[in-house]
Structure formats: structure tokens, C-alpha cells
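Now for the letters of each chain:
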Amino acid sequence: MKSFEPHVLSPMQLQSYLQTAIAPRPIAFASTIDANGKPNLSPFSFFNVFSSNPPILVFSPARRVRNNTVKHTLLNCEATKQVVINIVDYNIVQQMSLSSTEYPDGVNEFIKSGLTMLPSDMVKPYRVAESPVQFECKVNEIIALGNQGGAGNLIICEVVKIHISENVLDDNGMVDQQKIDLVARLGGNWYTRANKGLFEVEKPLVTLGIGVDAIPDFIKESKFFDGNDLGKLGNIETLPTEEEINIFVKNNVAVKGVLSSDDTEKIHLKAKEYLNNNEVLSAWKVLLAKL
Ligand SMILES: Cc1cc2nc3c(=O)[nH]c(=O)nc-3n(C[C@H](O)[C@H](O)[C@H](O)COP(=O)(O)O)c2cc1C
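The structure displayed is predicted, hence computed values, not measured ones.

Take the pattern of salt bridges next. Within this structure, the stated rule accounts for 8 salt bridges. In this structure, K112 engages D213 in a salt bridge whose closest nitrogen and oxygen atoms are separated by 3.2 Å. Of this pair, K112 sits in helix α4 (residues 109-113) while D213 sits in the loop between β12 (197-200) and α5 (217-220), and the two are 101 residues apart along the sequence. Taking relative accessible area as the criterion, K112 reaches 15% and is therefore assigned buried. With its nearest N and O atoms 2.6 Å apart, the salt bridge here joins K272 to D229. Taken together, the residues K272 in helix α9 (residues 264-276) and D229 in helix α6 (residues 227-233) connect sequence positions 43 residues apart. As far as the burial class goes, K272 and D229 line up, both buried. A cluster of three or more residues bridged by salt bridges with shared partners is formed by R64, R66 and E102.

Turning to the confidence of the model for the protein chain, a few remarks are in order. Of all residues in the protein chain, 99% have pLDDT values of 70 or greater, and the mean over the chain is 96. Put simply, helix α8 (residues 253-260) is where the protein chain has its lowest mean pLDDT, 92, and strand β4 (residues 55-59) is where it has its highest, 99.

This paragraph deals with the nonpolar core. One finds I219, L233 and W284 to be the most contacted residues of the largest nonpolar core, which totals 26 residues. Listed by contribution, the elements that provide at least two residues to this core are α6, α7 (242-250), α8, α9 and α10 (280-288). For this core, the element with the most residues is α10, which contributes 6 residues. Dropping the residues within four chain positions of it, W284 is found in contact with I210, I215, P216, I219, L233, I236, L239 and P240.

Let us now look at the layout of surface pockets. Here the second largest pocket defines a volume of roughly 360 Å³. The wall of the second largest pocket is formed by 20 residues, among which P26, F47, I87, F135 and L182 lie closest to the centre. Mapped onto the lining of the second largest pocket, the elements with two or more residues apiece are β3 (47-52), β8 (133-144), β9 (153-164) and β10 (183-185). Its residues assigned to classes, the lining of the second largest pocket comprises 18 nonpolar, 2 polar and no charged.

With that settled, the discussion passes to the pairing of β4. In terms of burial, β4 is a largely internal element, 4 of the 5 residues being buried. Bridge count between β3 and β4: 5 bridges; the pairing is antiparallel. Pairing of S51 across the sheet is with I56, part of β4. Taking the residues between adjacent antiparallel strands as the criterion, β3 and β4 are bridged by 2 residues. Pairing between β4 and β9: 4 bridges, direction antiparallel. When the sheet's bridge partners are listed, I56 is paired in β9 with E158.

Definitions and limits used
- Residues numbered from 1 in each chain as written.
- Predicted model: local features only at pLDDT ≥ 70, side-chain atom pairs only at ≥ 80, totals over all residues.
- Heavy atoms only, no water.
- Salt bridge = Lys/Arg side-chain N within 4 Å of Asp/Glu carboxyl O.
- Helix = DSSP H or I, 4+ residues; strand = E, 2+ residues; numbered from the N terminus.
- Buried < 20%, exposed > 50% of the residue type's maximum accessible area, 1.4 Å probe, protein only.
- pLDDT = per-residue confidence, 0-100.
- Core = buried A, V, L, I, M, F, W, Y, C linked by side-chain atoms within 4.5 Å.
- Contact = heavy atoms within 4.5 Å.
- 1 Å grid on protein atoms, 1.4 Å probe; cavity = no way out; pocket = protein on both sides within 12 Å on 5 of 7 lines; lining within 4 Å.
- Points joined across faces, edges and corners; volume = space filled by probe spheres on them.
- Nonpolar A, V, L, I, M, F, W, Y, C, P; charged D, E, K, R; others polar.
- Pairing = 2+ DSSP bridges.

So, in C-alpha cells, the structure goes:
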């Protein structure tokens, strides 16, 4: 047994032990607006339900360990006292991850992650249309747990309206745990798909991903790519150069064959194969080689 008091660890080590041992954690995909009405969307896995009557959800945007700054979501909850907590299923896990990129203040992560803004009924922040369950909430209280990097801020939310997609309901109108296909966060890059098990999602770049909005339409509109594929494609920092694409094609007989077929379906399926193996740059090279 390895035993120690928390203060002997660096804040980073402590955070890592906590996040790898206290897992899997559900994910609050929190939609807020700032004082000027600009939308913001970010995931938080320090999250759970703590009361059903009244219906209370709590999540915690922490002060950054890196530089002790605070998150936009916290500032927005302080300013407006409203939030929509959207539930994350497997279909939107890559876009959710992309939305956690630390884009500057005022950048709309709905647009960067390619998710759809759906107006709420009782509060101003938008819902995520693709999310299977959306909780419109008022913020009752915010409790700061400290003033150092890593300190959480408990955002205590009361649910004022619930929206549930028909697609995840069973014959009795209750949520079907197979159909809802929930995901949860563990440590590092690890997630779990509740009905299947562990998988990894590459962390969003500390440098900024180009975003789903920067992906050309012919890719976004292809029937072969789903939200998870677009989320992966949007997470690269820069597109490969023409020279990089040419070298890649020259050295890859299989890709050359697919490209010379001039068959869009074959080209997109080859790119999809790379995406399934998380070889995102190779997928981009196959897709752009046709241009
Ligand atoms: C799955 C997932 C869970 C996260 N959970 C938390 C969390 O519980 N607390 C936190 O402070 N940051 C968490 N983050 C990081 C924030 O989402 C990230 O810092 C984001 O950029 C904050 O955005 P904001 O400044 O617009 O609020 C998480 C990221 C991911 C991908």
C-alpha cells in the first residue's frame, strides 16, 4: 500500500490521483451565456445529482492548476445565474471533447464543435440539440472551495425543465439505459461507454483546434462522416500542406490506388478507416489530395 498525505504531492499529481481513482464520472455539458448574451459550451466531469426533490445538480469549474485563472462557465453562472446541463452520449463524445479547447473569451464553442444551438423554454442559455437529455437550470448558489490553482467552485443548480429525446425512451416512457448510450470520464484520455467499456479520446490540443466550422462542406456533408469523425477532424491545429500531402500519397500505394479510382465513396471510406484508427492527419491527407 502506498500511503501519503495530500500536501506532499504537487497539485498536478494530486489532481491525477483523484481523477484516475474517482472514476468514471458523468459529464455535465454546460451551456451558459455571458453578460452580453454570447453563448459558451464546456464539459465538466466533477458533476452529479445530489437531490431529487428539489432536483439539484452540482458541477465544479475549477481554478486552473496551471495559472490559477477561472473558467468562462463560472463567470457566466455568476453573471446570469442560469445554465443548461446537457447529457453526453457516445454520438457526441468527440465534439464534446473538442468543445473543451480553451478558445478565447467570446468564441462560441457550439460553432467550433459543430453542435446545434436549440433555444430553451425557461432560461436564456441554449440547449445542445444533439444531446439526449437536457436540463434547464437556475443557479441557486455558488460555493468557492479555495483560492489556489485546482480549487473547485460548486455550482448548485436547480432543474426547472427537463427535455428527453424520444429515441432513448422505452415503451413505458422511461429512459432505456442501453439506448441512451452514456459516456463518462476517467483519468488521462480514458472514457467509458457505459454499455461497452473503456476507450480513449485524444485530449484537445493546448494549441487551438481548427474546429468543425473550418472543415470544408464537401467533408461535412459526406454521408460517411458522423459527428465523432468531424470532432476528430476539427481537433487538428493546421491542415497538412500540399507538399506533405504529395509525399504521403507518393509513399502509399493503397492511397494512390484509391485516389486514382476517382471514386468519392472509396476516398471517403479510406479517410474513415484512418479516422477509426485515430490517424487523423492521414485522413485529412486522403481527403485533400483530391483538391
Ligand atoms: C470530459 C471533460 C471533463 C472536464 N471536467 C472538468 C471539470 O470537472 N472541471 C473543470 O474545471 N474543467 C473540466 N474540464 C476542462 C474544461 O472543459 C475546460 O477547461 C474548458 O475549456 C472550460 O471552458 P470555459 O472557460 O469556456 O468554461 C473537462 C474537460 C473534459 C473534456
